[in-house]
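Observations on the model geometry
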Amino acid sequence: MSQGKKSDPNNKVAAENRKARFNYEILDTLEAGMVLSGTEVKSLRLGQANIQDSYASFEGGELWLINSYVPEYLQANRFNHETRRRRKLLVNKRQMGKLAQSIEREGMTLVPLKIYFNDRGMAKMLLAVGRGKKLHDKRETEKNRDWNREKGRLLKERG
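Let me begin by describing the structure that accompanies this report.

**Section: the pattern of salt bridges**
- Enumeration according to the criterion identifies nine salt bridges in this entry.
- In this structure, Glu62 and Lys88 form a salt bridge, with 3.1 Å as the shortest nitrogen-oxygen distance. Taken as a pair, Glu62 in strand S4 (residues 62-66) and Lys88 in strand S5 (residues 87-90) lie far apart in primary sequence, 26 residues in all.
- We classify Lys88 as partly exposed; its relative accessible area is 28%.
- Connected via shared salt-bridge partners are Glu40, Arg85 and Arg87.

Rendered as structure tokens:
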């Protein structure tokens, strides 16, 4: 019997922002906790959340996730949550100071990369400090991706 890594049902990605790495140059990443209600956690476990258009910002000395979509949990009945409410992100003071300094620079923003469940079953968010790419940078990224794809095909054909 092989002792390979078992797939833990708690350790899975609930939502991923795949376009973030295309639209932003990622400079630094950080793991943050999330303040969620019970129905939000159950809905995240179903994996239908969307963080494509969301961002994080500092307001009142706290870090907030804005414009993220977590669908209603159908079995929750009247105790459901709002789908696009602002969610508080949990980071310690040192990390918050570091993030505040980094986004004060021009063109920097806090972009959520993914929401996932860690080994203990807690919902976490991977935040990134990013700088928006210009159009020519996006073209360069796309050109490199296409070349790598074509190179893989050629290597596969030739053995």
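**With respect to unusual backbone geometry**
- Even without being glycine, Asn67 reaches a positive phi, approximately 70 degrees.
- On the secondary structure map, Asn67 appears in the loop between S4 and S5.

Conventions adopted
- Per chain, the residues get numbers from 1 upward, laid out in the order the sequence is written.
- Note on the predicted model: pLDDT of at least 70 is required for a residue's local features to be given, and 80 or more for side-chain atom pairs to be given and counted; whole-chain, interface and lining totals, by contrast, use all residues.
- Side-chain numbers here rest on the full set of heavy atoms in the structure, without hydrogens or water.
- We define a salt bridge as a contact between a side-chain nitrogen of Lys or Arg and a carboxyl oxygen of Asp or Glu at a distance within 4 Å.
- Secondary structure is summarised from DSSP: a helix means a run of H or I of at least four residues, a strand means a run of E of at least two, and numbering begins at the N terminus for each.
- Here's how the labels work: a residue is buried when its accessible area is under 20% of the maximum for its type, exposed when over 50%, partly exposed in between, all with a 1.4 Å probe on protein chains only.

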